[in-house]
Every structure is written in C-alpha cells, then in structure tokens.
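# Secondary and tertiary structure notes
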Amino acid sequence: MADHVLTLAEVAERLGGSLEGRGDIAVTGVSGLREAVAGELGYLTLPKYVSMLKNTAAVAVLVKSDFDRDAPCPIIRVEDPERAFTEVAGWFAAPLLVPEPGVHPSAIIAEDAQLGADVHVGPYAVIESGAVIGDRTAIMAHGWVGPGVRIGADCRFYPSTSVREHCEIGDRVIVHNGSVIGSDGFGYAVDEGGVRTKIPQIGKVIVADDVEIGANVAIDRARFGATRIGKGVKIDNLVMIAHNVQIKDHAVIVAQVGISGSCTIGKHAILAGQAGVAGHLEVGAGAIVGAQSGVTKDVQPGAYVIGFPAMPFDKASRAQAHTMRLPHYKSKLEELEARIHQLENGS
Amino acid sequence: MADHVLTLAEVAERLGGSLEGRGDIAVTGVSGLREAVAGELGYLTLPKYVSMLKNTAAVAVLVKSDFDRDAPCPIIRVEDPERAFTEVAGWFAAPLLVPEPGVHPSAIIAEDAQLGADVHVGPYAVIESGAVIGDRTAIMAHGWVGPGVRIGADCRFYPSTSVREHCEIGDRVIVHNGSVIGSDGFGYAVDEGGVRTKIPQIGKVIVADDVEIGANVAIDRARFGATRIGKGVKIDNLVMIAHNVQIKDHAVIVAQVGISGSCTIGKHAILAGQAGVAGHLEVGAGAIVGAQSGVTKDVQPGAYVIGFPAMPFDKASRAQAHTMRLPHYKSKLEELEARIHQLENGS
Amino acid sequence: MADHVLTLAEVAERLGGSLEGRGDIAVTGVSGLREAVAGELGYLTLPKYVSMLKNTAAVAVLVKSDFDRDAPCPIIRVEDPERAFTEVAGWFAAPLLVPEPGVHPSAIIAEDAQLGADVHVGPYAVIESGAVIGDRTAIMAHGWVGPGVRIGADCRFYPSTSVREHCEIGDRVIVHNGSVIGSDGFGYAVDEGGVRTKIPQIGKVIVADDVEIGANVAIDRARFGATRIGKGVKIDNLVMIAHNVQIKDHAVIVAQVGISGSCTIGKHAILAGQAGVAGHLEVGAGAIVGAQSGVTKDVQPGAYVIGFPAMPFDKASRAQAHTMRLPHYKSKLEELEARIHQLENGS
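What counts and what doesn't
- Residues numbered from 1 in each chain as written.
- Chains lettered and ligands numbered in written order.
- Predicted model: local features only at pLDDT ≥ 70, side-chain atom pairs only at ≥ 80, totals over all residues.
- Helix = DSSP H or I, 4+ residues; strand = E, 2+ residues; numbered from the N terminus.
- Rg over C-alpha atoms; globule rule 2.2 N^0.38 Å.
- Buried ≥ 20, exposed ≤ 12 C-beta atoms within 10 Å, placed from the backbone.
- Contact = placed C-beta atoms within 7 Å.
- Domains from an automatic or database assignment.
- Nonpolar A, V, L, I, M, F, W, Y, C, P; charged D, E, K, R; others polar.
- Least-squares fit on C-alpha atoms with pLDDT ≥ 70 in both.
- Core = buried A, V, L, I, M, F, W, Y, C linked by C-beta atoms within 7 Å.
- Pairing = 2+ DSSP bridges.
- Axes fitted to C-alpha atoms, helices over the stretch in contact; angles between N-to-C directions.
- Parallel < 35°, antiparallel > 145°, perpendicular 65-115°, else oblique.
- Left-handed = near helix turned anticlockwise from the far one by under 90°.
- pLDDT = per-residue confidence, 0-100.
- Arc of directions from axis to C-beta.

### What about the overall build of chain A?
- Tallying secondary structure elements over chain A gives four helices and 40 strands in all.
- Its C-alpha radius of gyration of 28 Å places chain A more than 25% over the 20 Å reference for a compact globule of 347 residues.
- Projected onto the principal axes, the alpha-carbon positions of chain A cover approximately 100 × 80 × 30 Å.
- Counting all 347 residues of chain A, 55% fall into the buried class.
- Taking the contacts inside chain A whose residues are at least 6 apart along the sequence as the reference set, 19% of them involve residues at least 24 apart.

What follows is the structure, encoded as structure tokens:
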C-alpha cells in the first residue's frame with residue numbers, strides 16, 4: 001500500500017476538504033480505524049463508532065463537515081467521508097488487472113466463432129464452435145466458452161471459468177474464477193429398485209445485463225427452457241443455483257446460498273449467506289431471507305424471514321426468546337405444582 | 001427454443017396422442033404451465049395442479065387420456081404427459097454437446113499413459129504418467145488426469161476437472177466442470193502449542209460405475225486405503241466429501257452437503273441440500289436426512305431425520321410445533337398462577 | 001495397496017516392535033479395524049475401541065506396549081500404535097505426487113516474472129507480469145499466477161488454482177485444486193431504487209507461512225488493505241472467506257464454513273464444518289464454533305458456542321433439552337389446570 005506517499009495537506013487539497021492539524025505528516029495508505037497502523041488514514045461516518053477514535057493508530061481521520069467531537073489526531077472535514085475514503089484508497093492501491101484487447105496466440109478459437117471488437121482472449125482459453133463474444137469482452141486464461149454460447153459486450157470472465165453449450169450472457173457481466181454456468185441440473189428418473197437414470201437437461205442458462213457472479217459458483221442449466229438470472233443480480237462466491245430457477249432483477253444472493261430447482265426469487269430480494277430454498281418455491285419481491293435460514297414455503301413480498309423452517313422475523317424471534325426462558329418456565333411450573341399441592345392438602 | 005416450428009397436429013401425430021382443438025397452431029417450444037409464453041406447450045399430470053390451466057399462456061397442454069376437465073386451450077391426450085413432454089422438449093432443444101472421438105493436438109499425454117478406443121481428449125487437457133483411460137471416455141478441455149489414475153469406459157469429464165494421483169474411476173461416470181477428485185484429507189497432528197503438522201494422505205478415491213458428480217465438488221482422498229463412492233451414486237454441485245468416507249450404492253447427495261471424515265452413508269440413503277454429517281458416523285440404508293440438518297449420531301436404516309441435532313421427523317416436528325406455541329403456554333402459566341393466587345387468598 | 005508384501009515378522013522388525021503370533025503371515029496393506037479385509041494390518045490406541053477387535057478381519061493389530069487384553073489375531077506391541085500405523089501405511093501406499101523441478105515448455109511465463117531455484121511450473125500454467133515465485137515452489141498444470149503476485153518458497157499449488165493480482169503468499173503454503181485467492185469482495189453501493197454499483201475492491205490477500213488451503217476454496221481480496229490468513233492456519237475444502245477478514249495464526253477453518261466481511265478469527269480458534277460468521281464480528285482466540293452454527297455477535301476467547309444464533313454450549317444444550325421436553329411440560333400444564341379447576345369448584 002506504500003507505493004505512493006502524500007502529505008495530509010495534499011490529501012486534503014485533492015479532496016477539497018478542510019484539514020485541522022499538521023499538514024506535513026505523511027500518509028502511506030488507508031485502513032479501518034481499528035486495523036490502522038502508523039501512516040494510514042481512516043474515516044468515520046456513523047456517530048456510534050466515534051468511540052473508536054480514542055484508540056485508533058490512524059494518522060488522520062476523514063469526518064463529516066459538521067463533526068463536533070474531539071479527535072486525538074488531525075481530521076479532514078469532507079461532505080461524504082466514506083466516498084472520500086474510497087477515493088483516497090484508490091490513490092494508494094496497486095493498479096487492478098485490466099485485460100488488454102487482443103487474442104493470445106495460444107488461445108484456441110473455433111473457425112466459426114465470432115469475436116467482437118477489442119475482445120481479450122487470454123492464454124489457453126478455448127472458444128468452441130458457433131460461440132459469439134461481444135465487443136470489449138474479456139475471456140481470461142484457461143476460460144472455456146462452449147459451443148453456441150452467446151456472450152454480450154464489456155463482460156469480464158476471470159481465469160478458469162466455464163460456460164456450457166448454448167447459454168446466453170448479457171452485457172457488462174462479471175464472472176469470477178472457477179465459476180460454472182450451465183452444468184446439468186440434478187434430475188433423474190427413479191425406478192422401483194431405487195436406481196436412478198439421468199434425465200437429459202436440454203435447457204440452458206440465460207444471464208441478463210449487469211450481473212456479477214462470484215468465484216466457484218455453479219448455475220445449472222434448465223431441464224428444459226432456461227434457468228434465468230435477471231438484470232443487475234449480484235451472486236457471491238460458492239453459490240448453488242439449480243435447474244429452472246428464475247432470479248428476478250436486482251436480487252442479491254450472498255455466499256454459499258443454495259436455491260433448489262424451479263424456485264423464483266423476486267425482484268430486489270436478498271438471500272443472506274448460507275440460506276437455502278427448497279424446490280418449486282417463490283420468494284417474493286423485496287423479501288429478505290436471513291443467514292442460514294431454510295425456506296420451506298413461499299415467502300411473501302417484502303417479508304423478512306429467518307430460521308428453519310424460515311418464518312417471519314418477529315414470530316421466530318419471539319419463539320427463540322421463549323425457548324431461552326424455558327428453564328425459568330420449568331421452575332415456575334414446579335412452583336405452581338407445589339402451591340396446588342398445598343391447597344389440595346388444605347394447608 | 002424456437003429453432004423448429006411444428007403445428008399442434010404434427011405434435012399430436014408424432015406422439016400418437018389425440019388432439020382436441022385447432023391443429024394448425026404453431027408450437028415453438030415447451031415450458032411449465034406457469035412460465036409458458038405464447039407458442040409454448042405445457043403438460044399436466046397431477047390433478048392438484050388443474051387450477052393452473054386457467055391462467056396459463058400455453059398454446060396447448062398435454063394431459064392424461066382420461067382427463068375430464070375444461071381447458072382454455074387445445075389439449076393433446078397421451079398416456080404419460082410427463083414423458084411425452086420430455087420427448088417434445090427434446091425436439092425443440094439445441095443439440096447437447098457430444099465430444100467427438102479424437103485427441104486434440106494441444107493435449108499433453110504422457111508417453112506411458114494408455115488411451116482406449118475412441119477416447120476424446122480436449123484442448124489443453126493433461127494426462128500424466130501411467131494413467132489409463134477407457135474406451136469412448138471424454139476428458140474435455142483443461143482437464144487434468146494425475147499419475148497412475150485409472151478411468152473406465154464411457155465416462156465424461158467436463159472441462160476443468162482434476163483427478164489426483166492413483167484414484168480409480170469406474171465406467172459411465174460423469175463429472176461436471178471444476179470438480180476435484182482426490183484432494184488431500186484434512187488431517188493434522190496437533191502439538192501441545194496448538195500447531196498443526198500435516199499427516200500425509202496416502203490413500204485414494206475409488207468411484208464405482210454409473211456415478212454422476214456435479215460442478216465444483218471436492219472429494220478428498222483417504223488418509224490410507226480409499227474414500228469410496230458406490231455404484232449409481234448421484235452427487236450434486238458443491239458437495240464436500242471428506243477422507244475415508246464410504247458412500248454405498250445408489251445413495252443421493254444433494255447440493256452443498258458436507259460429509260465428515262470416515263462416515264458411512266448407506267445404500268439408497270438421501271442427504272438433502274446443505275445437510276451435514278459429523279465424523280465417523282453411519283447413516284443407515286434408505287435413510288433420509290432433511291435439508292440443512294446436522295447429523296450428530298448414527299441414523300437408523302430407513303429413518304427420516306431433520307433438524308440440528310438431527311432427530312426423527314415426528315419428534316422434531318412435535319418439538320417445533322410446541323416451540324411455536326410457547327407464547328400461549330406462557331400466558332396459560334400466568335393465568336394458572338393468578339387462579340392459584342386467588343385460591344390461596346380464599347377468594 | 002498391494003504393491004508390496006511384507007511378512008508380519010518383517011513389519012515387527014522394521015518397527016522395532018514385539019510380535020506375538022505367527023510371523024510368516026503376509027501383510028498387504030493397512031486399514032481401520034472395522035473396514036479391514038484379509039491381509040490388512042490395523043491398530044488400536046484407545047481402550048474404548050477394544051471391542052472392535054472381536055470382529056475385525058485384520059491380519060494383525062498394532063497395540064500399545066502395555067496392552068493386556070485378548071486378541072483374536074497376532075499383535076505387535078509398539079510404543080505409539082497410531083504413529084507406527086502411519087509409518088506402515090506409507091510403506092504400502094503408491095508414491096504421492098512430487099512435482100519435479102523444471103518449467104514445462106508449454107508454460108507461459110511473463111518476461112519480467114522472477115522464478116527462484118528449482119521451481120516447478122506445470123503444463124499450461126500461466127505466470128503473469130511481475131510475479132515472483134520462490135525457490136522450490138510448484139505451480140502445477142493450468143495454474144494461474146496474476147500480475148504482481150508474490151509467492152514464497154517451498155509452496156505447492158495443485159492444478160487449476162488462481163491467485164489474483166498483487167496477492168502475497170508466504171513459504172510452505174499448500175493450495176489444492178480449484179481454489180481462488182484474491183477474487184473481488186462482494187461490495188456494492190445501493191441507490192434509492194435498489195440498484196447496485198460495484199465498489200472497486202482494490203486491496204489484496206496476504207497468506208502467511210505454513211498455511212494449507214483445501215479444494216475449491218474462495219478467499220476474497222480486501223476492499224482496501226488486505227484480507228489476511230495467519231501463520232499455520234488450515235482451511236478445508238469449499239470454504240468462503242470474505243473481503244477484509246483477518247484470520248489469526250493457527251486457526252482451523254473446517255469445510256464449507258463461511259466468514260463474512262471484516263471479521264476477525266482469533267489465534268487457534270476452530271470453526272467447525274458449515275458454520276457461518278456474520279459481518280464485522282470477532283471470534284476470540286481459542287474459541288470453538290460448533291458445526292453449522294451461526295455466529296451473530298462476538299465470541300469470547302476460549303468460548304465454545306453452538307446453534308443459531310450461536311450461544312455458549314451449556315446454555316444452548318439446556319434450551320435444547322427443555323425443548324425436547326415440551327410435550328411433557330404441556331401435559332403437566334393441563335394436569336395443573338384440571339387440579340386448579342377442582343379446587344375452584346370446592347371438590
């Protein structure tokens with residue numbers, strides 16, 4: 001993080017902020033108030049974290065214009081400390097990877113595949129017959145684009161991703177390393193002896209624009225028709241999306257969530273980490289499913305459900321609170337029984 | 001899905017079904033009744049879904065021969081609507097990937113590796129020393145087959161799979177993209193200071209015939225001996241199988257399940273999504289472990305367990321139902337106390 | 001396992017142990033007492049497993065020097081049966097993979113990348129600009145080392161791993177197939193319409209010495225600064241570690257655990273399988289989080305927590321036990337009500 005050094009005065013000036021304290025101190029990077037080491041700049045937005053100022057080792061802190069507390073170090077007043085912090089962080093960061101336009105000589109591209117303008121195809125990437133790749137899209141090292149796949153413009157596929165045959169990807173989609181789009185759905189016919197025969201999974205996956213898919217995700221193709229990921233959906237690492245699932249626009253699927261076959265996840269719904277949804281269910285628009293929750297029936301639009309089986313937050317919290325008071329209820333029960341016993345014995 | 005167009009009369013004729021309604025309407029694909037758009041054919045098997053007919057946009061519906069309800073669209077009577085539907089779906093689907101026999105010139109194959117007849121080895125696949133690949137098996141792009149690995153006939157390894165050294169795979173095994181067979185078990189010796197030293201994991205993985213393994217699965221090799229996956233076992237995406245696990249024939253392991261070291265999973269047992277099994281346990285033949293359940297002791301053959309800790313369904317459901325009634329029990333407790341109080345005061 | 005055959009007498013001699021029983025019997029491998037088949041040698045350390053001797057098919061059993069029970073087969077007395085067993089297992093195992101020093105001609109290495117002495121770079125591996133690889137480290141087939149990455153000495157990266165730009169890896173680190181180090185953190189700015197814009201993730205991942213990372217793991221880079229994995233940390237398969245997480249030395253993260261952004265996991269803490277930790281929390285040094293538990297607030301050093309929400313083991317177990325007794329409490333409540341009713345009616 002110490003590739004550049006700026007003075008506090010320079011930082012304040014570049015941000016258009018107002019510095020209080022010495023301007024000649026060197027800033028070498030940024031960090032959270034708790035983790036900051038000497039030379040690093042922190043920021044404070046929420047009043048509830050003001051106590052963290054006391055123990056921070058930050059060289060200075062970005063605060064709101066109307067900040068009215070004491071600080072043990074220089075402060076820089078700005079309109080939006082978090083945004084300013086993000087900007088400063090960018091000054092100190094090593095440059096992120098930007099794939100250059102061009103096809104690496106080791107890439108294998110089928111003769112009938114179509115590449116748009118300024119496409120990047122990395123070393124050892126393979127693009128199969130009939131695939132279409134839009135302008136400025138990057139398929140990085142060891143990527144595999146199956147036959148008949150269509151990928152839009154301005155996408156980035158990090159190394160070692162796979163897109164199985166006939167899947168369709170929109171524009172500005174980001175897919176992180178190791179993710180698989182279009183693997184077979186988990187579908188079998190079972191005979192009377194409990195032996196399973198594979199049902200061909202002849203559908204595909206359709207991913208809309210502006211989707212981001214994390215690392216080592218698996219999205220199964222549909223048994224027929226399409227598994228669909230809507231516009232602007234964000235999917236975190238190690239998520240499992242089964243065949244024929246329909247995720248509507250702008251939903252958020254946090255890490256390690258599993259969504260069973262043929263579920264619908266509504267617009268702007270949020271599934272928190274490690275949650276699961278049983279098959280053929282609908283999670284309504286704007287609903288929130290808590291971390292590790294298990295959805296076993298439809299979730300109403302806008303609802304907030306938690307637990308297993310998932311139920312509305314209030315109901316589940318109340319049951320949980322009562323459960324923790326069970327030792328008390330048990331004692332009360334025993335006390336009442338003793339008092340009844342006394343009454344029965346006329347004493 | 002609209003690569004072909006057939007008329008309803010043509011669909012009915014090909015299926016040997018009986019059409020009621022106009023025969024000249026175009027069919028362009030298939031879909032579920034709920035998701036169908038204009039031109040798509042649906043199907044109805046179970047009477048409980050009959051109400052879905054009202055609102056479907058399907059162009060026509062496949063129904064059982066003895067169907068006796070009204071439909072808002074043409075129907076085609078067939079013996080088995082689901083089977084007929086699957087058949088029609090196949091007519092409209094783009095062809096699935098079929099790896100052609102042949103070794104891609106970019107594949108790297110050790111001199112002493114043995115390839116059977118009509119094997120497919122895809123671009124940039126690597127087959128190490130002493131590996132043996134059976135007839136008609138496909139190792140697709142970027143696949144890695146470690147030294148001494150034996151793979152049977154008619155297998156398909158999708159792109160970017162890895163099989164570590166000395167593992168053995170049967171016939172007709174399918175492995176989806178990104179899966180790893182034979183990674184080291186998670187075994188360490190711990191010293192008094194809590195520092196861990198790796199215990200060499202010198203066993204292997206043996207996968208029997210007719211197994212299917214989903215995407216981004218990890219199956220660890222045994223500490224010694226073998227982790228074994230039985231005949232016909234089906235494993236979904238993102239599953240974790242630890243060292244020395246023994247999965248018996250025809251068991252089903254749904255997505256994101258985790259099985260700890262040295263467990264035995266019985267024949268035909270089913271582990272539903274995101275379930276976990278603690279180490280050294282036995283899940284009996286034909287047992288079912290519910291989704292997200294945590295198995296902490298042996299499960300009897302044929303049992304159906306749910307929850308954490310996993311217990312028989314009836315017992316767990318009863319406890320769950322009582323838990324939800326705790327607010328009522330608490331009120332009742334307060335009421336009884338008031339009545340006792342009155343009795344005590346002689347009123 | 002039967003590549004070699006030794007007699008029992010030879011095994012005893014090599015171990016410096018004392019044989020009781022026939023020495024001319026052939027040993028062809030090793031196994032657990034339960035799974036052993038003819039020819040395999042087992043071992044017994046804990047007295048509680050002594051009953052397993054009765055039914056074992058093991059050809060002989062390694063026991064402690066002071067073993068004083070009957071055995072149905074020959075025994076070899078040794079000081080540490082488990083250690084002796086591990087040693088014997090090594091004699092019978094096929095040799096594990098050891099990557100030879102050397103750069104495969106198909107590897108693509110940027111001109112300004114620096115390779116130490118005796119490095120192994122496997123077929124189709126790609127090492128990008130500015131990367132530095134330490135002595136004797138192996139980057140196996142299909143591995144990808146991003147620009148500016150630094151990897152120490154004596155590391156082993158199994159096939160198909162990825163390390164994103166600028167990440168730093170210590171010495172003697174092992175990374176299993178399919179794992180991803182440095183994928184983007186899951187961070188977005190949300191506008192009033194619920195549409196998310198990506199926040200650049202400009203930090204990196206720093207992995208200390210002696211870490212082992214399982215298969216298909218995802219470790220996200222920091223939003224700024226670094227996600228840090230401390231010295232000697234062991235991470236099992238399919239684990240998710242979010243941006244800015246700090247894992248302190250010698251912690252153990254079991255399979256399928258998910259750790260949310262900005263958490264700190266203390267020294268020697270253990271997170272059991274499928275556990276989850278919500279964002280910005282601290283799990284104290286030496287704490288244990290039970291399998292499938294969901295941590296929703298800070299965990300004290302040395303604490304043992306289970307369940308969702310995770311709470312101290314004793315408290316959670318007590319609540320669990322009371323929950324199972326709810327049917328009994330309900331009956332008791334009804335009984336008391338009847339008795340009160342009788343008292344009220346003066347009978």
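### Some details on the domain arrangement of chain A
- Here chain A is partitioned into domain 1 (6–92), domain 2 (102–265) and domain 3 (315–344).
- Relative to domain 3 of chain A, the C-alpha centre of domain 2 of chain A lies at a distance of 55 Å.

### A word on the interface of chain C and chain A
- The partner chain A presents 49 residues to the 50 residues of chain C that form the contact.
- Secondary-structure elements contributing two or more residues to the side of chain C that touches chain A are β21 (180–183), β23 (196–198), β26 (218–220), α3 (313–324) and α4 (326–344) of chain C.
- Element by element, the count of residues in the side of chain C that touches chain A is highest for α4 of chain C, at seven residues.
- Taken together, the residues that form the side of chain C that touches chain A break down as 25 nonpolar, 17 polar and eight charged.

### A word on the relation of the copies chain C and chain A
- When chain C is fitted onto chain A, the two copies agree to an RMSD of 0.1 Å after a turn of 120° and an axial shift of 0.1 Å. Taken together, the turn and the small shift mark the pair as related by a three-fold rotation axis.

### Details of the nonpolar core
- Grouped together as the largest cluster of nonpolar side chains are 324 residues, with contacts concentrated most on L271 and V289 of chain A, L271 and V289 of chain B together with L271 and V289 of chain C.
- Residues contacting V289 of chain B, with those up to four places away along its chain left out, are L271, A272, A275, V283, V295, V299, V305 and A310 of chain B.
- Counting residues in each nonpolar core, the second largest holds six residues, with L336 of chain A, L336 and I340 of chain B together with I340 of chain C among its members.

### Let's talk about the sheet that holds strand β2 (residues 18–20) of chain B
- Overall, mixed pairing links the five strands, which are arranged β2-β7-β6-β5-β4 (chain B) in an open sheet. If you trace the sheet from one side to the other, it starts and ends with β2 and β4 (29–30) of chain B, each paired once.

### Points about unusual backbone geometry
- With an omega dihedral of -10°, the bond running from F308 of chain B to P309 of chain B counts as a cis peptide bond.
- Relative to the assigned elements, P309 of chain B resides in the loop between β39 (304–306) and β40 (311–312).
- Backbone geometry places Q292 of chain C, a non-glycine residue, at a positive phi of 65°.
- With respect to the helices and strands, the residue Q292 of chain C is situated in the loop between β37 (288–289) and β38 (294–295).

### Comments concerning the packing of helix α4 (residues 326–344) of chain A against α4 of chain C
- Contact geometry for α4 of chain A and α4 of chain C: axes closest at 10 Å, N-to-C directions at 25°. Of the possible angle classes, the one that applies to α4 of chain A and α4 of chain C is roughly parallel. By crossing handedness, the relation of α4 of chain A to α4 of chain C is classed as left-handed. On α4 of chain C, the residues that touch K330, L333, L336, E337, I340, L343 and E344 of chain A of α4 of chain A are Y329, K332, L333, L336, R339, I340 and L343 of chain C.

### Considerations on the confidence of the model for chain A
- Per-residue confidence for chain A gives a mean pLDDT of 94, with 99% of residues at or over 70.
- Scored by ipTM, the complex comes to 0.89, with pTM at 0.91.

### As for the interface of chain B and chain C
- The interface is formed by 50 residues belonging to chain B together with 49 residues belonging to chain C.
- Counting only elements with at least two residues in the side of chain B that touches chain C, the list comes to β21 (180–183), β23 (196–198), β26 (218–220), α3 (313–324) and α4 (326–344) of chain B.
- Looking at which element gives the most residues to the side of chain B that touches chain C, the answer is α4 of chain B, with seven residues.
- A per-class count over the side of chain B that touches chain C returns 25 nonpolar, 17 polar and eight charged.

### With respect to the packing of α3 of chain B against α4 of chain C
- Between α3 of chain B and α4 of chain C, the shortest axis-to-axis distance is 9 Å and the interhelical angle comes to 50°. When the interaxial angle is binned, α3 of chain B and α4 of chain C end up oblique. Side by side, α3 of chain B and α4 of chain C meet where R318, A319, H322 and T323 of chain B of the first sit next to L326, P327 and K330 of chain C of the second.
- Of the residues belonging to the contact of α3 of chain B with α4 of chain C, the class tally is three nonpolar, two polar and two charged.

### Some words on the sheet that holds strand β14 (residues 138–139) of chain A
All names here are of chain A.
- Spatial strand order, β8-β11-β14-β17-β20-β25-β28-β31-β34-β37-β39-β40: 12 strands in an open sheet with mixed pairing. Since the sheet does not close on itself, it has two edges, and those belong to β8 (102–103) and β40 (311–312), each with one partner.
- Both strand β25 (residues 212–213) and strand β28 (residues 234–235) contribute to a ladder of two bridges, which runs parallel. Counterpart to E212 in the pairing with β28 is K234.

### Remarks on the environment of D220 of chain A
- Relative to the helices and strands, D220 of chain A is located in strand β26 (residues 218–220).
- Separated by 117 residues in the primary sequence, D220 of chain A and V103 of chain A place their C-alpha atoms 29 Å from one another.
- Excluding anything up to four places from it in sequence, D220 of chain A contacts S183, D184, G185, T227, I241, A242 and H243 of chain A together with N237 of chain B.

### As for helix α1 (residues 8–15) of chain B
- The set of residues buried in α1 of chain B consists of L8, V11, A12 and L15 of chain B. Seen end-on, α1 of chain B carries its buried residues on one side only, within an arc spanning 95°.

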